[in-house]
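# Fold and contact review
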Amino acid sequence: MWEILSYNYFQNALMGSILAGVGLGIVGVWVVLLRIPFVGVAISHAAFAGSVIGLLFGVDPVLMAIVFSLLASILIGPIAEKSGLEANVIIGIIFSLVLGVAFLGLGLITGPKTEAFNLIWGSILTLSRINIYLNAGITFLVILFLLFFGKEIKAVFYNREVAASCGIPEKFIFFSLLFLSGFVICLNLNTIGGILIFSLLINPPSAARILTHSLSKMYMLSILFGIVACLSGLFFSYVFSVPAGATIIIVSSLIFIITLASRGRNGS
Amino acid sequence: MIKIQKVSLSFSGKEVLSEVSLDIKKQDFVAIIGPNGAGKTSLLKIINGLLIPDTGKIGVFDLDPVRNGLAVRRRIGFIFQNEFITKNVPLSVKDVVSVGRIGVKGLFKNLDKKDFESVRNAMDEVGIKDLEDRPAGFLSGGEQRKVSIARELARDVEILLLDEILMNLDPASQMEINNLITHIYKRHKLTIVFVTHLLRYLPEGINRVVALKDGKVFSDFSGLDFNSKDLSRLYDVDEENLKKYVGNFKL
């Protein structure tokens, strides 16, 4: 069984799993505490729309997926600010728009569409070294942002208006959190897929929140649960020859269910 | 300390403030009253630069809050009317009070010993020292208000803007918070602007009452000049009926 570790594709999958656990574990805390969980769905579908448009116009679909999802994550904050609407509402508007663009593009493409659908389903066992480097880069960036702006992020979680009134540049922090979340989600689409990523984004931080009232412990537990879900999902997928993405999601959901069951009647 | 000159503000074509002028001096303890929608909260947000007026001039510490927003906000405390802490966010009481020091400290610097001393002193003064490790979202309404007050005290601000901070509190908590505000006013010699609807429960020490109506300054009285006749005109309610509701109002 251990010989599997000597294969390049499995080493990539292992590294991709750990990076996804760390990156999504951190930004998962952000989206859960900012109460914008559907940002994952909107960004992944923006990537899908981008790849469809790429296929349609003969441009690299992966590049277009990155461009579209980054554009979506950059736009959410400023549009919410300008319109005075909740970020969740803007996420809904962007989600429906990119879905419309994707379906229009699918209708117009005459050739194969597999590359676009790969982003929706994900394929951790086909990750390339470039994928790993990109994921490592964005994970490093997220950790740096957390280290440099941890105290300001905490204030934004507490209350954006209070943070602004305390002289904290809350718009910069809030917009950066949205942008980095979008970036991490986009680069992890190959690992886990656009539909399934939602679960890995929400389950680990939610399970962590159940177990602790401390923000720093929530980050650590969320990262731990993310890594455990990815690695054990990968292991079960290998042992039972079942799809890795789906297994990862089932494990992350089980982690949430177990922590929920461990919670006392009054939330103790 | 706060100079507001002919300030007007509109939202979606509706004028919220209309040529409001006010001069608030150092250590003034001003109550701002008026009907709902009179522009009280907007006025507070203009003072600390969270809202930008359409016309008019505003100066706080001789600075323009529109151009020097961060610098002005770092010296002004603000407690909002709806800032109760949600259970969703895993922050302790100490974490929340520390938020007050974050803006003072600025970017790229961690809170140090001196900051945590300010946090501890503020919690001590407000009487929440024994709650410091409790999850803030699980406190009662009165305790949460004290946490907000401690947060602003920890910042060493010079002006305190309080927007209906007695809302949703029981009478005992309202009394306690009022006494706390009076204590803070006397001890720290702050300039306080206190927006309220609870005319029976004004904190001791208020030396001026500014009434806003339809976005304009309706009246600006000092000390004992303001009475129930003025109130009935302010709220467009019969004086006798108003007396039954707010008592024989006199500062």
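Residues numbered from 1 in each chain as written. Chains lettered and ligands numbered in written order. Predicted model: local features only at pLDDT ≥ 70, side-chain atom pairs only at ≥ 80, totals over all residues.

### A closer look at the overall build of chain B
Worth spelling out the cut-off: Secondary structure elements are taken from DSSP: a helix is a run of H or I of four residues or more, a strand is a run of E of two residues or more, and numbering for both begins at the N terminus. Put simply, the radius of gyration uses C-alpha atoms, and a globule should come to 2.2 Å times the residue count raised to 0.38. As a rule, residues whose C-beta atom has 12 or fewer other C-beta atoms within 10 Å are exposed, those with 20 or more are buried, and those in between are partly exposed; C-beta atoms are placed from the backbone. Two residues qualify as being in contact provided that their C-beta atoms, derived from the backbone, are within 7 Å of each other.
A count of helices and strands for chain B gives 8 helices and 9 strands. Taken over C-alpha atoms, the radius of gyration comes to 18 Å for chain B, in line with the 18 Å a tight globule of 251 residues would show. In terms of principal-axis extent, the alpha carbons of chain B reach across some 55 × 40 × 35 Å. Counting every position in chain B, which comprises 251 residues, the buried fraction comes to 45%. Intrachain contacts of chain B at a sequence separation of at least 6 include 65% that bridge at least 24 residues.

### Notes on the interface of chain A and chain B
Operational definition: Any residue that is not Ala, Val, Leu, Ile, Met, Phe, Trp, Tyr, Cys, Pro, Asp, Glu, Lys or Arg is counted as polar, Gly included; the first ten are nonpolar and the last four charged.
Facing the 24 residues of chain A at the interface are 23 residues of chain B. Among the secondary structure elements, those contributing two or more residues to the side of chain A that touches chain B are α6 (129–158), α7 (160–165) and α11 (215–240) of chain A. With 7 residues, α6 of chain A is the single largest residue contributor to the side of chain A that touches chain B. Within the side of chain A that touches chain B, the residues separate by chemical class into 12 nonpolar, 6 polar and 6 charged.

### Focus on the sheet that holds strand β6 (residues 159–163) of chain B
Within a sheet, adjacent strands bond to each other through the backbone by hydrogen bonds, running parallel or antiparallel. Residues and elements named next belong to chain B. Selection criterion: Pairing between strands is defined by DSSP: at least two bridges between the two strands are required. The convention used is that axes are lines fitted to C-alpha atoms, helices contributing only their stretch in contact, and that angles between N-to-C directions extend from 0 to 180 degrees.
Read across the sheet, 6 strands follow the order β5-β6-β7-β3-β8-β9 without closing on themselves; strand pairing throughout is mixed. Each of the sheet's edge strands pairs with one partner strand only, and the pair in question is β5 (76–79) and β9 (216–222). Direction aside, neighbouring strands of the sheet carry axes that sit 15 degrees apart on average. Note that β6 and strand β7 (residues 191–195) share 5 bridges and pair parallel.

### A short note on the nonpolar core
Rules: Any nonpolar core is a set of buried residues, restricted to Ala, Val, Leu, Ile, Met, Phe, Trp, Tyr and Cys, that join up through C-beta atoms within 7 Å.
Within the largest apolar cluster, 164 residues are counted, with the highest numbers of intra-cluster contacts made by Leu200 of chain A together with Ala150, Leu162 and Val193 of chain B. With 12 residues, helix α1 (residues 8–33) of chain A is the largest single contributor of residues to this core. Those residues in contact with Val193 of chain B, other than ones at most four positions away along the chain, are Ile24, Val30, Ile32, Leu44, Leu161 and Leu162 of chain B.

### Details of the pairing of strand β8 (residues 208–213) of chain B
All names here are of chain B. In terms of burial, β8 is largely enclosed, as 5 of its 6 residues are buried. When strand β3 (residues 29–33) meets β8, the two strands line up parallel, connected through 4 bridges. Each bridged residue has a counterpart across the sheet, and for Ala31 the counterpart in β8 is Val209. When β8 meets β9, the two strands line up antiparallel, connected through 6 bridges. In the sheet register, Val209 faces β9, and the bridge partner there is Phe221. With antiparallel pairing between neighbouring strands as the criterion, β8 and β9 make up a hairpin whose turn holds 2 residues, including Asp214 at a positive phi of roughly 50 degrees.

### Looking at the pairing of β7 of chain B
Residues and elements named next belong to chain B. The element β7 is largely enclosed, with a buried count of 5 among its 5 residues. Relative to β7, β3 runs parallel, the two sharing 4 bridges. Each residue of the ladder has a partner; that of Ala31, found in β7, is Phe194.

### With respect to the sheet that holds strand β1 (residues 2–11) of chain B
All names here are of chain B. Read across the sheet, 3 strands follow the order β2-β1-β4 without closing on themselves; strand pairing throughout is antiparallel. The sheet is open, and its two borders are formed by β2 (14–24) and β4 (55–60), each paired with just one other strand. Recorded for the sheet is a direction-independent mean angle of 25 degrees between the axes of neighbouring strands. Pairing of β1 with β2, which is carried by 7 bridges, proceeds in the antiparallel orientation. Following the sheet pairing, Ile4 is matched in β2 by Leu22.

### What about the confidence of the model for chain B?
Should pLDDT be low for a region, the predicted coordinates there are not to be read in detail. Residue and element names in this part refer to chain B. Using the following cut-off: The predictor attaches a confidence to each residue, and that confidence, scored 0 to 100, is pLDDT.
Chain-level statistics for chain B give a pLDDT mean of 90 and a share of 96% at 70 or above. Confidence, read as mean pLDDT per element, is least for helix α8 (residues 239–246) in chain B (76) and greatest for β6 (97). The ipTM, which scores confidence in the relative placement of chains, is 0.88 for this predicted complex, and the corresponding pTM is 0.89.

### Topic: helix α5 (residues 114–121) of chain A
The α-helix advances 3.6 residues per turn, and as a result positions three or four apart in sequence lie on the same side. Residue and element names in this part refer to chain A. Short version of the rule: Directions are taken from the helix axis to each C-beta atom, and the arc is the one they span.
Along α5, the positions that sit buried rather than exposed are Ala116, Asn118 and Leu119. Around the axis of α5, the buried residues are gathered within 150 degrees of arc, so they sit on the same side. If you follow the buried residues of α5, they end up packed against α2 (39–57), α3 (61–83) and α9 (189–192). Once α5 ends, the next one or two residues include Gly122, with phi positive near 75 degrees.

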